[in-house]
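# Summary of the model geometry
Spelled out from the first residue to the last, the chains are:
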Amino acid sequence: MTILQLALLGLGAGTAYVLLGQGIVLIYRGSGLLNFAQGAIAMLTAEVYNEMTANLGWPTPVALITAIGLAGSVGLLMQVGILRRLKQASALTRLIATLGLFTLIYGLATVWWGQEVQPVYSLLPSNLVQLGGGLSISADRLYLLLLAVTLTAVLWRVYQKTRFGLATSAVAENELVAISLGWSPNMVSAVNWTVGTALAGLAGILLAPIVGLGVSALTLAVIPGLAAALLGQFRSFWLTLAGGLGIGIAQSYVSRYVSTPGWSDAVPFLLIIALVVVRGKALPVRGEFLERPVRVGTGRYSFKWLIPLVVGAGVVIELLSSTWVLAVSTSLLLGVIALSMVLVTGYAGQISLAQVTIAGMGTLAAGLTSHYWNVPFGVCVLIGIVAAMVIGFVVGLPALRCRGVNLAVVTIGMSLVIEEVILGNQSLQGGLSGLTVTSPSLFGVSLDYGTHPIRYTLMVLVFFCLSGLVIVNIRRGSTGRRLLALRTNERAAASVGINVTAGKLFAFTVGAGIAGLAGALSAFQFAQADVTNYTTVGSISVLVNVVVGGIGYIGGGINGGLSGQSGVEYQALSYLGGSWFNYLTALGGALVLLILVVQPHGAADEIFRRLRKKKVHEATEETRTTSRREYKPVVDGGDLGRALKVHDVSVHFGRVQAVKNMTFQVAPGEVVGIIGPNGAGKTSVIDALCGFVKSSGSVSLGDVDLTGKSATRRATEGLSRTFQSVELFDDMTVLDNVKVAAERGGIGSSVADIFYPRSKALPRIAEAAIDDLDLRRDLGRNPDELPAGRRRLVGIARALSGSPGALLLDEPAAGLSDIESSELGHLIRHLADNWDLSVVLVEHNVDLVARVCDRVVAMDLGAVIAQGSPDDVLRSPAVVAAYLGQSIEGPVLPEPSKAINA
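All residue numbers refer to positions counted from 1 along the written sequence of the respective chain. In keeping with the model being predicted, local features are shown solely for residues with a pLDDT of at least 70 and side-chain atom pairs are shown and tallied solely at 80 or more, while totals for entire chains, interfaces and linings include all residues. Excluded from the side-chain calculation are hydrogens and water; included are all heavy atoms of the structure.

## Side note on the packing of aromatic side chains
Here the aromatic set is Phe, Tyr and Trp, taking the six-membered ring for Trp, and pairing holds for ring centres within 6.5 Å; pairs whose planes are under 30 degrees apart are stacked, those over 60 apart are edge-to-face, and all others are tilted. Tallied over the full model, the rule gives 13 aromatic pairs. Seen from their ring centres, tyrosine 28 and phenylalanine 234 are 5.2 Å apart, and the 40° between their planes marks the pair as tilted. Residue tyrosine 28 is located in helix α2 (residues 11-31), and its partner phenylalanine 234 is located in the loop between α11 (222-231) and α12 (237-257); the two are separated by 206 residues in the primary sequence. Cation placement over rings: the criterion is NZ of Lys or CZ of Arg within 6 Å of the ring centroid and within 35° of the ring normal. The cationic tip of arginine 256 hangs over the ring face of tyrosine 257; the distance from NZ or CZ to the ring centre is 5.5 Å. Above the ring of phenylalanine 729, the side-chain terminus of arginine 798 is found at 4.6 Å from the ring centroid. Segments assigned H or I by DSSP are reported as helices when at least four residues long, segments assigned E as strands when at least two residues long, and all are numbered from the N terminus.

Right, here's the structure in full:
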């Protein structure tokens, strides 16, 4: 078979992926949301269409229109009934809502139609068409290709040239502007959801004859559709077309030349993952950070109630019947996997849809070790944990270069690769007899479930509690603060010296180890280790249940276990008679949609907020006077500062040169201002100095050369900054914002936090920053409870807490009153004179610059146009022209005055 013939064979599936992908792109362009339920909607439509034509005898055109209309209606109801109510919720919450819809449809379809795959006829002609040269292709493939190309052209035309398409782009860029132009963002989003899901329905009907009509096969077709949309960056219709066709053709090639099952799905996706990683960035660009994430628990607990609860649970287990013991043990094992999701997704903010399949790797490793080498139970469990940690580390690597929806697509793809290629590999499942394992025992005590089910269940209860302790210990320690910081804002986290790479890999690796523990323990629940139940759909289902309970709380892990397949809720539903327990998966999907609307942070958050005694703070503007605070010399003797030397620094964004050959120096105790009109490149200078953008030239602080070093390394070396938009960690208290900048922890402290997180006193420099900025009374508040002026002070305090040698302030006076700006100027002089810091001040408030700075650098279009004393620079004709756009004789900017004395 020729290469060209194989390519032609791959066009059928490829064009269906295009239709799925284009629908995903439409929805993303219209609402900024990735629809993971696209494949489930395609499956539902195909099943309904088959019912109408095969069983009810409906005419094909009527059935086609009705089924596609059903798909569009599902999308419309989802947008209007659920997502519109979640408009202010976190991005994770809205993404989980689509997974809830996925789970609801998948669960109902499994009950109604089962998992059998049946062949169906294509509604398109399927006769062979001879293309010459010995090449032939089924006619339906040609029609599908023509449909995909035509649809792509139509979509491109509509969204590039029509008013609705332009309105869609406007809504995506700025909703307020779109509203001012007379467009309703809700209407635009609803139309795009309706059309996008209708395309999914059409794709399902056309794909079913190619892959077979089956619930799982069609539902998981969303993954190559997501991959195609990912290649199009969720915006380009033509790149999505190329991506979908490319994936279909690649699958055809791999199926022909690789006999191992699963690789036809895996190889194309691995290539896409590689592309995403290469195309991604270690840190997000300016302004690219998620909305406020879901709330998390405090991590505090008391043994006074923990021990009685555990003992009481053990007593209950002793009294249960055998069927209930099995349900409890299953729920506890699933609960351990769910706890890993609390760490990875709740605390670290990394969307992982692979935790269940990672647990399957723990089962496989432990089962293989016991089956072939007869290794003791405890050693097998350790091997399962280590194997899962290795896989978790690998799954976490793409998170270093991509985030958000891209990471969600990558992890679900990697989950499918693990499921199909490794867990589905028959050669790793022990042959005909399966992976038989030895009877488990610890310290001479038999834990065999067959003979001692209660002992085994009690052991799993102990491991569940230990896993929960690990999670809350991490939350209470410095590691937990670092994880919360990086999930909120990676740029701000790097600016205070947090190693974003290490934090993400820690979360993925430790989370995988916890999931691997559950997998390794489950390998010994019965006489054979079974890896067939660890699926990608299972990962989605457990994650949905964790979100219902509260993804940031231990309660989320508990609910994830209770609601799992064959768990406690499953057993309880069986008492209702009939097959109610078969609806458990669908129930979880429906429940998550309801819970997210009522309580987006999960049930545990609502319970926690009602039970705890919450001190209500009123964030009011304090009465301000013209009197200034008296600052004291810094406790460390005023020798913090180091000279900042910048030589020939340039920054390019494509063909645009944002900064051109910037050279200046700042001595300790000196304030240098950088001024210029909007777009002059001022913030780009700070980004370049701090390592947030690529630049040429050299930067040094004292005797340390910072050139080429990462943003995190520059921060730890003493180069600290604030942000124009403040960018605090709003889900942490002011005290924790300061602590996370003051703490310096490596892998050793992170490991120590797992076992015993110690509370460390604030360094003297952080205490001095709190006192000098008068923040002591605000330490227990979250930054978003504070007025704008005090939020900026918190940003400065956070920057100071890391003992910087130089401080870079990016428009700190933005939004402040004249009185606040005056006080800010007094503070800046204090930091230079009494803290001996080298200070760079980027500011639009020229009067503040004139009063505070020792020297000023003026910029325009990325280049330095004047440099010297404030008097000389502010009177420069070039500076006046840059601000006003023309040359004017005489000074028109504020009259410079003397620098403020501390």
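That was the structure; now back to the text.
## Thoughts on the side chain of glutamine 79
Turning to its location among the elements, glutamine 79 is positioned in helix α4 (residues 60-82). In contact with glutamine 79, not counting residues within four places along its chain, are Arg84, Asn186, Ser189, Ala190 and Trp193. Contacts are residue-level and defined by heavy atoms, with any inter-residue pair within 4.5 Å sufficient.

## Quick word on a nonpolar patch on the surface
Patch members must show over 30% relative accessible area and no salt bridge, and they are joined within 9 Å when carrying like charges or within 5 Å when they are nonpolar side chains of Val, Leu, Ile, Met, Phe, Trp or Tyr. Surface accessibility in these figures is a Shrake-Rupley result with a 1.4 Å probe; residues are shielded only by whichever protein chains are displayed. For this analysis, a salt bridge means a side-chain nitrogen from Lys or Arg found within 4 Å of a carboxyl oxygen belonging to Asp or Glu. Taken together, the side chains of Phe303, Ile307, Val311, Val315 and Leu319 present a nonpolar region at the surface, about 520 Å² in accessible area. Take valine 315: it is sitting in helix α14 (residues 303-319).

## Considerations on the pattern of salt bridges
Counted under the stated rule, the structure contains 21 salt bridges. Linking arginine 491 and aspartate 687 is a salt bridge whose minimum nitrogen-to-oxygen distance equals 3.5 Å. Highlighted residues: arginine 491 in helix α21 (residues 490-495) and aspartate 687 in helix α28 (residues 682-689), separated in sequence by 196 residues. Buried, partly exposed and exposed residues are distinguished by accessible area as a fraction of the type maximum, computed with a 1.4 Å probe on protein chains only: under 20%, between the cut-offs, and over 50%, respectively. A relative accessible area of 1% places aspartate 687 in the buried class. Of the charged contacts in the structure, one is a salt bridge between arginine 776 and glutamate 767, with a shortest N-O distance of 2.9 Å. Look at glutamate 767 and you get partly exposed, because its relative accessible area is 28%. Connected through shared salt-bridge partners, Arg491, Asp687, Arg721 and Asp810 make up one network.

## Concerning the nonpolar core
Remark: nonpolar core denotes a set of buried residues (Ala, Val, Leu, Ile, Met, Phe, Trp, Tyr, Cys) joined through side-chain atoms within 4.5 Å. Grouped together as the largest cluster of nonpolar side chains are 218 residues, with contacts concentrated most on Phe36, Leu99, Leu644, Met662, Phe664 and Leu808. Top contributing element to this core by residue count: helix α15 (residues 322-347), with 15 residues. Among all residues touching phenylalanine 36, those that are not within four sequence positions of it are Leu95, Thr98, Leu99, Phe102, Val222, Leu226, Leu353, Ala408, Val409 and Ile412. Formed by 49 residues, the second largest nonpolar core is a distinct cluster that contains Leu728, Leu800, Leu824 and Leu841.

## Considerations on the confidence of the model for the protein chain
pLDDT expresses how confident the predictor is about each individual residue, on a scale running from 0 to 100. The share of residues in the protein chain with pLDDT of 70 or more is 93%, and the mean pLDDT across the chain is 87. Residue range residues 613-628 is modelled with pLDDT below 50. Its contacts to residues more than four positions away, or to other chains, number 22 contacts. Taken as a whole, residues 896-902 scores under 50 in pLDDT and shows 24 contacts with residues more than four places along the chain or in a different chain.

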